[in-house]
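# Summary of structural features
Listed below, chain by chain, are the residues.
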Amino acid sequence: MKFKPVYFFLAPALTAIFVFFFIPVISAFIISFTDFDIYAIGDYSKFRFTGLDNYYKLFDNQLFWKALTNTFYFVIISGPISIAVSLGAAMILNSKLVKFKGIFRLVYFMPVVTTLVAVSIVWRFIYHPEFGLLNYGLSFVGIEKIDWLGDPFWSMPSIIILSIWKNFGYNMIIFIAGLQNIPEELYEAAQIEGANGWQRFTKITLPMLAPTTVFITIITMIGYFQLFAEPYIMTQGGPLDSTLSIVLYMYQEGFRWWNMGYSSAIAFVLFVIILAGTLIQMWVQKRREA
Amino acid sequence: MSSYGKQGGLINRLVLTGGLVLLPLILLLVGCSKQESSVKEISFWGMGSEGEKIKILIPEFEKQNPGIKVKVQMIPWTAAQEKLISSFAADNMPDLCQLGNTWVPQFVMLDALEPLDDFISKSSKIKAENYFTGIWQTNEVTGKIYGIPWYIDTRLIYYRKDIFKKVGYDEPPKNWEELLDLSRKIVKYQNDPNKYAIYLPTNEWAPFVIFGLQNGSDILRDNWTYGNFSAPEFVEAFKYLIQFHKERLTPMGVSQVTNVYQAFEQEFFAMYISGPWNIPEFKKWMKDSTGEKWGTMPIPGKHSSPGVSLAGGSSLVMFKSSKSKPEVWKFIEFLSTKKTQLEFYKVTNNLPALRSAWDEPIFRDDPFIKSFYEQFQYVMPTPKIAEWEQIVFSKLQQYAEYAARGTMTAEEAMKEMDKGVDIILEKRRWMISRY
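It should be emphasised that the depicted structure is a prediction, and the values quoted were computed from it without experimental measurement. (Residues numbered from 1 in each chain as written. Chains lettered and ligands numbered in written order. Predicted model: local features only at pLDDT ≥ 70, side-chain atom pairs only at ≥ 80, totals over all residues.)

## Things to note about the overall build of chain B
Within chain B, the regular secondary structure consists of 20 helices and 16 strands. Along the three orthogonal principal directions, the C-alpha set of chain B runs to about 90 × 60 × 40 Å. Taking all 435 residues of chain B together, 43% fall into the buried category. For chain B, the proportion of contacts with a sequence separation of at least 24, taken over those separated by at least 6, is 75%. (Helix = DSSP H or I, 4+ residues; strand = E, 2+ residues; numbered from the N terminus. Buried ≥ 20, exposed ≤ 12 C-beta atoms within 10 Å, placed from the backbone. Contact = placed C-beta atoms within 7 Å.)

Following this line, the structure appears as structure tokens:
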């Protein structure tokens, strides 16, 4: 055996990953079996190993189930819609008929790079029940005023609309890259064979985009399960906890009330859910390929 | 090990990475050890605009005490608690800071604060009787004083005089019954689904606690180890406030009001329970600084006015970790003189904690501040436990919303409330049984 320079170059990165990733994750896992809280921050003797207590308490807590339901609601509705919107926008922008592509790409990508705090101020005005642009627009088609962020029924749809608008540009860029990789000859050949637009879309575009779509689906799902900033800024989880997401709940327990043990338990439940979701998607994909 | 390179390589790598990690630390230490001199520097953390405005007072203090320098750091209110607790965990506290007086118990629990009783007994400047009793008490935790009131606040009712007069109330309401009656009359008079009598948003817990205290509730029972929200005293007060929601005397959601001052000016509501920090803004929006159209009034009690309100404000606290405690105390004494307190009021609008300052005409003759003086005679501290904020912010506001929207009855909500509170207080019970 001899000294391999590769380790020398890897050492800083590995150290960083170890110190800033593995150690915190492992300690969080251990903490999730304790009642580590504000008392323990002051004096390390003031915490107890409580075994699975945090997890029992969690599954017994209605607020946790509410947060879980809200998160699933958000992921299941806004995930597919946002991917569809991204794909649609990507196909339009990839079309030869569209001019000023660069400008449109920039415009659609803008929300992704704008800070959410600024965006949320504008959207709070858009959603305002009395003076909001959205209700003003709807009044022309005879729809009564909706208290978007104040009504427990509409609050989550409002968050969904906002986050789709905010995020679709990112996936759109990836889809455009995917579309540009599809050889033009395939479409030409199909056209000569007499395939119509829909057939070309389902038989060429979608299959050729499959790897991109899998990647985007997984990334989007992981991202959306971690819904936090939108409700944190727009609604603080209200009204009636209708926009409380798992991560927001975890944040409140951990960093507002300093129940670190409980909060870590929430984090690991979320981790298991995301892991399961990812595995299922990969399994489905493999079966399709087989 | 075999795939990982040979032993010598491993050691080399360790030394190298160790070096890479240590280098900045060494530089840091060298940098720190430089600041030694005969002048003692004390660090002060101030919150929000206070942290900015206090700088005006520092030169005078440094002139009086040539050996002491004060370094001020401003922290935004919203991040203050998080920052303080994480600094405490990192052993990186300032010498002193201002602390919202409901936060004092939390930091006592962390064993971060220095008890001030010895300093007070030796001091000629700071005495308990110089302060409003209810306010002074907020700083007393488990029999010791941990903070000196710096500036004070309490909640009372901002109201529209002109609307009150139109519905036949030349004098503000004197008890609960009149307050409800007045509210009904205002809504009837306005006759507009977008105009309400009072603004009682469920995301502000203070009114719920205030009316509970007025009705004789002790909020938490058994040495503050169990919730006592489902006891008849609190439930009655709670129901009284929920009545305003049920009868639509107050707006339901919180999203309709993006600007309370504007809403007040546009008669969206005629009463709002809030603290002294809002006086300047209301003056500006109402375009009235003499009290023609609007005013402030103490919160009516169940049978007579004024009723009890909350003892609020900020205290000055000294941290245990401080290495210059006598100097810190000198600074606290300086901030507690009448002259400094008045000057501080002029730059921040924060009401002075020192009672003697209230003899000044700027308070005596101000139509809006007068009511605060009356209210300060009737203020009570909230339970002094570390979990208080969690109880009111995460539980009380949640169940108030459930009850206001009719998802639960008031009784059910308060039963659930107690269940939640008892879970939160489990640790406290364990701590008490152990120490």
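## Thoughts on the overall build of chain A
Of regular secondary structure, chain A possesses 13 helices and zero strands. Starting at the N terminus and walking to the C terminus, you meet the elements of chain A as α-α-α-α-α-α-α-α-α-α-α-α-α. In terms of principal-axis extent, the alpha carbons of chain A reach across some 75 × 75 × 35 Å. When each of the 290 residues of chain A is scored for burial, the buried share is 30%. Of the contacts made within chain A by residues no fewer than 6 positions apart, 65% connect residues no fewer than 24 positions apart.

## With respect to the domain arrangement of chain B
Residues and elements named next belong to chain B. You can read the domains of chain B as domain 1 (40-153 + 311-365) and domain 2 (156-310 + 382-434). Taking the mean C-alpha position of each, domain 1 and domain 2 sit 29 Å from one another. Between domain 1 and domain 2, the contact holds 10 residues from the first and 12 residues from the second. With three residues, helix α5 (residues 104-109) is the largest single contributor of residues to the side of domain 1 that touches domain 2. Each residue belonging to the side of domain 1 that touches domain 2 can be placed in one class, and the counts come to five nonpolar, four polar and one charged. (Domains from an automatic or database assignment. Nonpolar A, V, L, I, M, F, W, Y, C, P; charged D, E, K, R; others polar.)

## Considerations on the sheet that holds strand β14 (residues 312-318) of chain B
All names here are of chain B. Read from one edge of the open sheet, six strands run β2-β1-β3-β14-β6-β15, paired in mixed fashion. The open sheet has two edge strands with one neighbour each: β2 (68-75) and β15 (351-352). Relative to strand β3 (residues 96-100), strand β1 (residues 40-47) runs parallel, the two sharing two bridges. Each bridged residue has a counterpart across the sheet, and for W45 the counterpart in β3 is C97. (Pairing = 2+ DSSP bridges.)

## Structural notes on the domain arrangement of chain A
Annotation of chain A at the domain level lists domain 1 (1-31) and domain 2 (62-289). For domain 1 of chain A and domain 2 of chain A, the distance between their C-alpha centroids amounts to 33 Å.

## Concerning the environment of Q252(A)
Here Q252(A) shows up in helix α12 (residues 246-256). Take Q252(A): there are 22 C-beta atoms within 10 Å of it, and that puts it in the buried class. Taking the C-alpha atoms as reference points, Q252(A) and F21(A), separated by 231 residues in sequence, lie 22 Å from one another. Each residue touching Q252(A), except ones within four places of it in the same chain, is listed here: W257(A) and S394(B).

## Here we look at the packing of helix α10 (residues 206-214) of chain B against helix α11 (residues 232-246) of chain B
Residue and element names in this part refer to chain B. It is at 8 Å that the axes of α10 and α11 come closest, and there the two elements cross at 130°. The pairing of α10 with α11 is recorded here as oblique in orientation. Classified by chirality, the crossing of α11 by α10 is right-handed. Contacts between α10 and α11 involve P207, F208, F211, G212 and Q214 from the former and E233, F234, A237, F238, Y240 and L241 from the latter. (Axes fitted to C-alpha atoms, helices over the stretch in contact; angles between N-to-C directions. Parallel < 35°, antiparallel > 145°, perpendicular 65-115°, else oblique. Left-handed = near helix turned anticlockwise from the far one by under 90°.)

## Here we look at the sheet that holds strand β11 (residues 271-274) of chain B
Residue and element names in this part refer to chain B. Strands sit in the order β8-β11-β7-β12 across an open sheet of four strands; the sheet is mixed. On the outer flanks of this sheet lie β8 (198-199) and β12 (294-297), each paired with one strand and no other. When strand β7 (residues 156-160) meets β11, the two strands line up antiparallel, connected through four bridges. Residue pairing for β11: I157 is matched across the bridge by I273.

## Observations regarding the packing of helix α10 (residues 197-225) of chain A against helix α13 (residues 260-289) of chain A
All names here are of chain A. The N-to-C vectors of α10 and α13 enclose an angle of 165°; their axes lie 10 Å apart at closest approach. If you check the angle between α10 and α13, you find them roughly antiparallel. In this structure, α10 meets α13 at a crossing whose hand is right-handed. Between α10 and α13, the contacting residues are V214, T217, I218, M221, I222 and F225 on the first element and L270, I273, I274, G277, T278, Q281 and Q285 on the second. Looking at the contact of α10 with α13, its residues break down into eight nonpolar, five polar and no charged.

## So, the confidence of the model for chain A
The predicted model of chain A has a mean per-residue pLDDT of 91, with 99% of residues at 70 or higher. No element of chain A has a lower mean pLDDT than helix α2 (residues 38-42) of chain A, at 82, and none a higher one than helix α4 (residues 62-94) of chain A, at 95. (pLDDT = per-residue confidence, 0-100.)

## Some thoughts on the nonpolar core
Counting residues in hydrophobic clusters, the biggest one holds 126 residues, and the most contacted among them are L96(B), I198(B), F269(B), M271(B) and V317(B). Per element, the largest residue contribution to this core is nine residues, and it comes from helix α18 (residues 388-404) of chain B. If you look at the next biggest cluster of nonpolar residues, it comprises 28 residues, including F225(A), L227(A), Y262(A) and I266(A). (Core = buried A, V, L, I, M, F, W, Y, C linked by C-beta atoms within 7 Å.)

## Some remarks on unusual backbone geometry
One can expect most non-glycine residues to show negative phi and most peptide bonds to be in trans. Residue and element names in this part refer to chain B. Residue S305 is joined to P306 through a cis peptide bond whose omega torsion reads -5°. For P306, the position within the fold is in the loop between β12 and β13 (309-310). One non-glycine residue, N191, adopts positive backbone phi at about 50°. With respect to the secondary-structure elements, N191 resides in the loop between α9 (176-190) and β8. By the C-beta count within 10 Å, which is 7 here, N191 ends up exposed.

## Re the pairing of β14(B)
Residue and element names in this part refer to chain B. For β14, the buried fraction is high: seven of the seven residues fall into the buried class. Of the two faces of β14, both are covered, the one formed by G312, S314, L316 and M318 as well as the one formed by G313, S315 and V317. One ladder, built from five bridges, connects β3 with β14; its direction is antiparallel. Its bridge partner being in β14, Q98 is matched across the sheet by L316.

## Things to note about the confidence of the model for chain B
Taken as a whole, chain B shows an average pLDDT of 89; of its residues, 91% reach a score of 70 or greater. Overall fold confidence (pTM) sits at 0.83, and the ipTM for the predicted complex is 0.81.

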